[in-house]
Amino acid sequence: MSSKPIRFTTITEAHRAFGLPSPEHPLISVLNYADLNIPTSNEEISATFDFYYISLKKGFTNKLFYGQQTYDFDEGMLYFIGPNQVLRGAGPEPDDDLSGWVLLIHPDFLWGTSLAKTIKKHEFFGYSVNEALFLSDKEKNILNGIVEIIQTEYQANIDKFSQDIMISHLETLLNYSERFYQRQFLTRKKSSHKILEQMEEILQNYFNDEDLVSKGLPSVQFVADSLHISVKYLGSLLKQLTGQTTQQHIHEKLIEKAKEKLSTTELSVSEIAYELGFEHSQSFSKLFKSKTSQSPLEFRAAFN
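Before going into details, it helps to say that this report is about the structure given with it. Bear in mind that the values here come from a model prediction, so they are computed numbers and not experimental data.

Brief notes about the pattern of salt bridges
Tallied over the full model, the rule gives seven salt bridges. For Asp137, the salt bridge goes to Lys140, with nearest N and O atoms at 3.5 Å. Residue Asp137 and its partner Lys140 are both found in helix H5 (residues 137-155); the two are separated by three residues, about one turn of the helix. Judged by its relative accessible area of 55%, Asp137 falls in the exposed class. Several salt bridges converge on common partners, so that one network encompasses Glu200, Lys253 and Glu256.

Here you go:
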């Protein structure tokens, strides 16, 4: 594997690397995998881009890696890479029937348009490093049609309407992708529930640790890092599946542990707060009451 990622600063450089002529538009380009000159290779390389990279790929034997996840492309998948993210993997196998496309968009193309700001609200550019999008044939056809329109537009004679039309279709592409991601959150329950189970185990182990005094309360970042996914992705997943934030899940597990200590030990509220990683028992009592509508002492008295 290359120790340092190959950096592509312009779309022209990407065209050159794939054995293609210069792009017809310097800031936006659609590459069809059937046209790319990608040498078959088992040697893994890394690449990073100074532009947005959206790809629908199918029939690719080797796996690609980004973030902490591994993905194969036998059935076809859409993935989103924002500027400066690292993509790594080996080239296609000799028998691969590689198909699909890559849409490259330089940030300069977005200047002065509504998409310059709104593209940042599409979280899949942030957590694409952890979650690609699996598409049905119907969904693929919708996105393929939009990409074909974008390609046709920049191949035609550029006029004062061209950029607005392409931006409009890019927004449509991203909005459909947003819809399909939401569908994926709902339908891929096995994977999602596995993450919930893992998070439950991580928090259980954390609060069972005798060293909470020095460790303090677990942070949202700690939970996300332990699951090898981004904070944004974890938050989106939990909100979709449970309606709660990651912080609310942490607090629920904390209150559960506090109730256990209040009902099974003779420790004082201050001692319990200290054992649970709170510097001040007042902070613990305030949180406990906000979550249970009882003070810790009221809970203990009612329990007993």
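Brief notes about the pairing of strand E7 (residues 77-81)
Of all five residues in E7, five are buried; the element is thus mostly enclosed. On E7, burial covers both faces: Met77, Tyr79 and Ile81 on one face and Leu78 and Phe80 on the other are all buried. Bridge count between strand E4 (residues 52-58) and E7: five bridges; the pairing is antiparallel. By the bridge assignment, Ile54 is partnered in E7 with Phe80.

So, the side chain of His251
Looking at the element boundaries, His251 is found in helix H11 (residues 246-264). Residue His251 is classed as buried on the basis of its relative accessible area, which comes to 18%.

Some words on H11
The end-to-end C-alpha distance of H11 is 27 Å, a good match for the 27 Å that 19 residues give at a rise of 1.5 Å each. Among all positions in H11, only Thr246, His249, Ile250, His251, Lys253, Leu254, Ile255, Lys257, Ala258, Lys261, Leu262 and Ser263 are buried.

Some details on the packing of H11 against helix H13 (residues 281-292)
Relative to each other, H11 and H13 sit at 105°, their axes nearing to 10 Å. When the interaxial angle is binned, H11 and H13 end up roughly perpendicular. Each of Gln248, His251, Leu254, Ile255, Ala258, Lys259 and Leu262 in H11 lies in contact with H13, whose residues at this interface are Phe284, Leu287, Phe288, Lys291 and Thr292. Considered class by class, the residues forming the contact of H11 with H13 number seven nonpolar, three polar and two charged.

Rules of the game
- Residues numbered from 1 in each chain as written.
- Predicted model: local features only at pLDDT ≥ 70, side-chain atom pairs only at ≥ 80, totals over all residues.
- Heavy atoms only, no water.
- Salt bridge = Lys/Arg side-chain N within 4 Å of Asp/Glu carboxyl O.
- Helix = DSSP H or I, 4+ residues; strand = E, 2+ residues; numbered from the N terminus.
- Buried < 20%, exposed > 50% of the residue type's maximum accessible area, 1.4 Å probe, protein only.
- Pairing = 2+ DSSP bridges.
- Expected span 1.5 Å × (residues − 1).
- Axes fitted to C-alpha atoms, helices over the stretch in contact; angles between N-to-C directions.
- Parallel < 35°, antiparallel > 145°, perpendicular 65-115°, else oblique.
- Contact = heavy atoms within 4.5 Å.
- Nonpolar A, V, L, I, M, F, W, Y, C, P; charged D, E, K, R; others polar.

Limitation: the analysis is restricted to geometry and does not speak to function.
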